[in-house]
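Working through the structure, step by step
So you can see what is in the structure, the chains are spelled out below.
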Amino acid sequence: MHILYVRGGSKILKRALREEDAQSPRYSTQGGRKGWVGMEEMQAWVCPDETARAMLGRVLGHRLPSLAPTPPLHRLSLRPGHVVEIVGPSGCAKSEILIQAAVTCILPREWKGVTFGGSEGLVMMFDLDCRFDILRLVHVLQCRINEVTVRHASQDKEESSSLPTTQPSQLTVATVEDTNELFKACLKRFYHKCCYNSFEFLATLKTIRPQLQRMVEDHEKALQLVLIDSIGAYYWLDRACQSTLPVASDSYRTLSLQVVFEAVVRELRQILQTHPFLLIASKGTIFSSSTRDNPGNRDLAHFGQKEYPERLCEVALNQEFSNEQFRYRTTTEKPSKQTEKMSHREYMPAVWQGFVTHRIVLQRAHGSASEVTYAVDKTLIIKAQWERPFLRQVDKFIIEEGFIKLI
Amino acid sequence: MPPLAALALPSLSPELLSFFATHGIVSVEDFLIRDIYQLPGLRAADSDKLRKAVTEVLAFLENGHASWRNGWDLFNNLEHNIRFLPTGYDSLDSLLQGGLREGTVTELVGASSCGKTQLCMQVSAHVAVRFGAMVAYIDTSNSFSSERLEQMLNDLLNSQREVEKTGAFMQALKNIVCYRAFDVYSMLILLQKLNTSIENHSQKTHSGRLRLIVVDSVSSVISPILGGNISQGHTLMMSIGQILKKLAVDNSIAVLTTNHTVTGESGNFKPALGESWKSVPHVRLLLRREIADGIYVASLTKHSSQACTKEAAFSIGRSGLQANVNHE
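The model shown is predicted, which means the values in this text are computed figures rather than measured ones.

**Thoughts on helix 8 (residues 208-219) of chain A**
Residue and element names in this part refer to chain A.
- The terminal C-alpha atoms of helix 8, which comprises 12 residues, lie 16 Å apart, in line with the 16 Å expected from a rise of 1.5 Å per residue.
- Residues Ile208, Gln211, Leu212 and Met215 constitute the buried set of helix 8. Along helix 8, the residues classed as buried sweep out an arc of 95° about the axis, all on the same side.

**Points about helix 1 (residues 14-22) of chain B**
Residue and element names in this part refer to chain B.
- Those residues of helix 1 that fall on the buried side of the exposure criterion are Leu16, Phe19 and Phe20. Each buried residue of helix 1 sits inside an arc of 100° when the element is viewed along its axis, so together they form one side. Seen from the open side of helix 1, the exposed residues pointing more than 90 degrees away from its buried face are Pro14 and Glu15.
- Packed against the buried residues of helix 1 are helix 3 (47-64).
- In the segment just after helix 1, Gly24 is the residue with positive phi, at about 80°.

**A few points about the interface of chain B and chain A**
- Each partner contributes to the interface: chain B provides 64 residues, whereas chain A provides 67 residues.
- Applying the counting criterion to the chain B and chain A interface returns three salt bridges.
- Notably, a salt bridge pairs B:Asp35 with A:Arg266, separated by 3.9 Å at the nearest N-O pair.
- Its residues placed into classes, the side of chain B that touches chain A shows 23 nonpolar, 23 polar and 18 charged.

**Quick look at the pattern of salt bridges**
- Applying the stated criterion across every chain, the model contains 26 salt bridges over all chains.
- Taking the shortest distance from any N to any O, the salt bridge between A:Asp133 and B:Arg101 comes out at 2.7 Å. In this pair, A:Asp133 sits in the loop between strand 8 (122-127) and helix 5 (134-160) while B:Arg101 sits in strand 3 (residues 100-101), so the two residues belong to two different chains.
- The salt bridge partner of B:Asp155 is B:Arg318, with a shortest N-O separation of 3.9 Å. Of this pair, B:Asp155 sits in helix 7 (residues 146-156) while B:Arg318 sits in the loop between strand 13 (311-317) and strand 14 (320-322); the two residues are 163 residues apart in sequence, bridging distant segments of the chain.
- Among the residues examined, B:Asp155 registers a relative accessible area of 25% and is labelled partly exposed.
- Via salt bridges that share partners, A:Glu85, A:Lys283, A:Glu346, A:Arg359 and A:Glu387 belong to a single interconnected network.

**Some points on the packing of aromatic side chains**
- According to the stated counting rule, one finds 15 aromatic pairs over all chains in the structure shown.
- Aromatic side chains A:Phe126 and A:Phe201 sit 5.3 Å apart centroid to centroid with 75° between the ring planes, which places their arrangement in the edge-to-face category. You can see A:Phe126 sitting in strand 8 and its partner A:Phe201 sitting in helix 7 (residues 198-206), a full 75 residues away along the chain.
- Accessibility expressed as a relative area gives 2% for A:Phe201, which makes it buried.
- Ring centres of B:Tyr296 and B:Phe314 lie 5.6 Å apart, and the angle between their planes is 10°; on these two criteria the pair is classed as stacked. One end of the pair, B:Tyr296, is in strand 12 (residues 296-302); the other, B:Phe314, is in strand 13, with 18 residues separating them in the sequence. Like B:Phe314, B:Tyr296 is buried.
- Members of the aromatic cluster, connected to one another through ring pairs, are A:Phe126, A:Phe201 and B:Trp68.
- Above the plane of the ring of B:Phe31 lies A:Lys206, whose end atom (NZ or CZ) is 5.9 Å from the centre.

Scoring rules and cut-offs
- Residues numbered from 1 in each chain as written.
- Chains lettered and ligands numbered in written order.
- Predicted model: local features only at pLDDT ≥ 70, side-chain atom pairs only at ≥ 80, totals over all residues.
- Heavy atoms only, no water.
- Helix = DSSP H or I, 4+ residues; strand = E, 2+ residues; numbered from the N terminus.
- Expected span 1.5 Å × (residues − 1).
- Buried < 20%, exposed > 50% of the residue type's maximum accessible area, 1.4 Å probe, protein only.
- Arc of directions from axis to C-beta.
- Contact = heavy atoms within 4.5 Å.
- Salt bridge = Lys/Arg side-chain N within 4 Å of Asp/Glu carboxyl O.
- Nonpolar A, V, L, I, M, F, W, Y, C, P; charged D, E, K, R; others polar.
- Phe/Tyr/Trp six-rings, centres within 6.5 Å; stacked < 30°, edge-to-face > 60°.
- Lys NZ or Arg CZ within 6 Å of the ring centre and 35° of its normal.

Without other data, these values stay purely geometric and don't point to any function.
Given below as structure tokens:
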């Protein structure tokens, strides 16, 4: 049995009903008469555009690999145009996830016959917290390059083990030079800028076009990833911002958090139109867990999280029939009732919340992050859960050397 | 930021300024938050002038800020221009990959009498002697003691000959400048003044350059203004955090701050400056004192480039931090 997926179904139905009202006989084998519907025409309407198989092939064929496939962002396919928000308290590896995403982006897909699995694009980082550490990026990049080259070398060894090894030492030297060259090329695709307040951030956004043009021309690569660490950095400063100048007219808009973020979102949207990129922004939770429970606080994060069937459908549609998602849904056992929905208190203006398309929430697996724990946490386990679109699964991961590993 | 008229750009003609003013655009901030090309009531003839003016204002703004830097430049800059300032105690230095890094904010968190001030003074002494560099020591709780500093400097310079010693000693004392600020406003004024004076006198390359700013303690001026339903306190706190970071990052200065602890709801200790402040320091060291043993332990709880799993134990002697006598 075939299940047909027909485009424009409602149109057919409306027209068929109208014809029914008009007169009978409804169908004519000749067709073509005015006001009558021909049999072939009718058949053409109900004829399927494509089978599900063909559609799956089409959708999967066009699907580009996710721009940020590293855990914990691996469950969804993230593409240019998406705006991902990573929410979590301090010390939950938010910046680490950004760095991992950046490294995946700046690495090439393939370099001298070795597959690195990156996307060879440009990365721009707005460092609003001014805490980006190039050492960490370098370390992660080196770990990735080393891992791939070691694996590649061992594969080569296995292949050539039957043959007598001629000059193994020379081969390794060549790889070291190669990796240095690769390392430099990768780092040059990463751009960084510190900002100290929202207006500097806005000025940077407004002046970005010529810079971007130059970067794209220099590298002949497209901008793929924009990182913001962290978007809520100036919350307290912007909440207090006011213009000290006299009000000049009725159209004067007083400066406020809302107005600042309207401008930020507008500028980002404008840049997105000409340079489609994936935007990943981290957002610290500035209210500690104790203040979150205050009854007076509006807990927007809880809003709309209930799992209605429609929501699940929406999630399924969002996945674009990606078969991995269905596999996850069926193989993971149903979480127990205790599985909490990881919550946080939203403090960003609605205009930013509307701009965000994906949101993932991070939390430390045990212990409260806000307390001083006098024992050194040797195994820091972090939980991650997608809040938008809502996925039930809670991933746990640790950071080991230069990698994020799921456990 | 200044009013647009104060920029004195030739393309910002009086007509254009008055056109902006009718739309409420007076200052640079107003200019930034509006979509200039979408302003209603612009005559077609003026659109070219407007475009020219916008380009000029944006170019002006771009000049005022640091430009985009690629990862390779950042890495090279770090390798060649950025130093680690040793704290004077080897285990702690290895915990911190070599000491306090220039261009970062390091924070010491601990209850009182955990060695926070001792560590601050010791680092100041070492930077003043080893690098001959200037140290700005901002004291907010009257805990800076010149007698203690003298002891530390004396022990540091002990190996030198008597003649050289006095000169070096005097020079080191001159290098450490102690400022006092007892409330958040005088602290902000002080940091602003420091920032402008650094901007005006471009830093000399070798000696006499300001390499370290110590704020002991930052929490004692901020915590009184926090709390309640008013967000003003948080704004002031983040302003201080912002200017400390700016001082550190823009001028490659190491900043060392201290944060005391308070009792939280469940009886546990927590830092006096909470969640929002956590976004300020690059490195956070937690200091604790083992009961009765005279042993102090420093553990790393936040670092921008390494895992936080290490600890260093020390005791405090006449010359400052030293290896733990009982155990080693």
